[in-house]
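Close look at the chain arrangement
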Amino acid sequence: MARAIWTGVITFGLVTVPVGLFTATEDHTVHFHQLQRDTSDRIRNRRVNERTGKEVDASDIVKGYEVGEGEYVVVEPDELDDIAPGRSRTLDITDFVPLDEIAPVYFGRAYYLAPRGEEYRKVYELLRSALAEAGRAGIATFVLRNRQYLTALRAEDDVLVLQTLHWADEVRDPGTELPDLPSGRTGRGKELDMALRLVDALSTPWDPSRYEDTYQEQVRELVRAKAEGREIATAEGPPQATDVVDLMDVLQGSLDRAKGASKAAAKETPTGSSKEKKASRRAELQRLGKAELYRMATEQDVPGRSKMTRDQLVDALAGGGARRKRASAA
């Protein structure tokens, strides 16, 4: 059972709901220790006095704000706690705004909110249902770990989600920050029509389970391969930028490829011919990146996979090269 990382109350109007805050996501990144080269000796980070070179205990460390060269205003940790807004642990909703009016760039981390006790479920569900039907988010501020957050409280199917928001002065204006942005909108033409057809051909309902962090899997495979003394696959470089002169040809080729994959996937694999099954299999593989293809080739023990290009991996997997190897070995 997850533990709340913050407890307090949501208030809107005169209504108060005691809640707990829970992390909504978890990190699946592969983590490494730092070692000295050619040894198994761990590298540790220590807090060291810059002038004396001696290690300093955490209890003797304070915060300093530099006001001049070598001049600091010293602030104690409890002084920050004393001035922290929301010390009463209140998440006070001050406004309700249309959720679709909040630009995605403002969204930060997501947390789940749960009622703190069975007796508060009805009021909790009342707020969740109201937000869901109105299509609005409740805007509030609260303090977590000595930092004040602007937040949007929104409704999911069964739960209230607290989404941290960036403050207005934290979001950069792309028009002034980025070079070489287009000066105007693309006019209606054959290129835009074909791009829209390509978008439509590749459109699908949102299903997060369809997507995998293939880079992390490659990192794990790298570790396994090095531990077992096996060969290591290298990734291909990025594709070349599309030349404006060839844009129509590239769009048409992309559209043809998307349509071919769609038709192949629509065929009934169990009753189709061997040729149809292979075409369907190839179409599925063509939609995968090299990292995912290499992972599948490793699982199927495809020989020579570490030196194969992406297209060669597709050919090997679609042609059943691994099965042939196992059959010959048997």
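Just so you know, these numbers come straight off a predicted model, no measurement behind them. (Residues numbered from 1 in each chain as written. Predicted model: local features only at pLDDT ≥ 70, side-chain atom pairs only at ≥ 80, totals over all residues. Heavy atoms only, no water.)

What follows covers the side chain of R154. Position of R154 among the secondary structure elements: in strand β8 (residues 147-155). One polar contact links R154 to E156, side chain to side chain, over a distance of 2.5 Å. Here Q163 takes part through its side chain, which lies 2.8 Å from a polar atom of the side chain of R154. In this structure, R154 is in contact with L99, L131, V159, L160, V161 and Q163, ignoring residues within four places of it in sequence. (Helix = DSSP H or I, 4+ residues; strand = E, 2+ residues; numbered from the N terminus. Polar contact = N/O pair within 3.5 Å; in protein donor to acceptor, adjacent residues only side chain to side chain. Contact = heavy atoms within 4.5 Å.)

This part takes up the pairing of strand β1 (residues 6-12). Here β1 lies mainly inside the structure; 6 of its 7 residues are buried. The sheet contact formed by β1 and strand β2 (residues 15-23) spans 7 bridges and is antiparallel. Paired with V9 across the bridge in β2 is P18. Between β1 and β2, which follow one another and run antiparallel, lie 2 residues, and G13 among them has a positive phi close to 65 degrees. Here 3 bridges tie β1 to strand β5 (residues 90-98), and the two strands are oriented parallel to one another. Of the residues in β5, the one forming a bridge with I10 is L91. (Buried < 20%, exposed > 50% of the residue type's maximum accessible area, 1.4 Å probe, protein only. Pairing = 2+ DSSP bridges.)

This brings us to the packing of aromatic side chains. On inspection of all chains with the given rule, the structure shows 2 aromatic pairs. Judged by centre distance (5.1 Å) and plane angle (85 degrees), the ring pair of W6 and F142 falls under edge-to-face. Of the two residues, W6 sits in strand β1 while F142 sits in strand β7 (residues 136-144), which places them 136 residues apart along the sequence. With respect to burial, W6 and F142 carry one shared label: buried. With a centroid separation of 6.0 Å and an interplanar angle of 35 degrees, the aromatic rings of F142 and Y149 are classed as tilted. Residue F142 is classed as buried on the basis of its relative accessible area, which comes to 2%. Y149 gets classed as buried once you look at its relative accessible area, which sits at 19%. Taken together, the ring pairs in this structure connect W6, F142 and Y149 into an aromatic cluster. (Phe/Tyr/Trp six-rings, centres within 6.5 Å; stacked < 30°, edge-to-face > 60°.)

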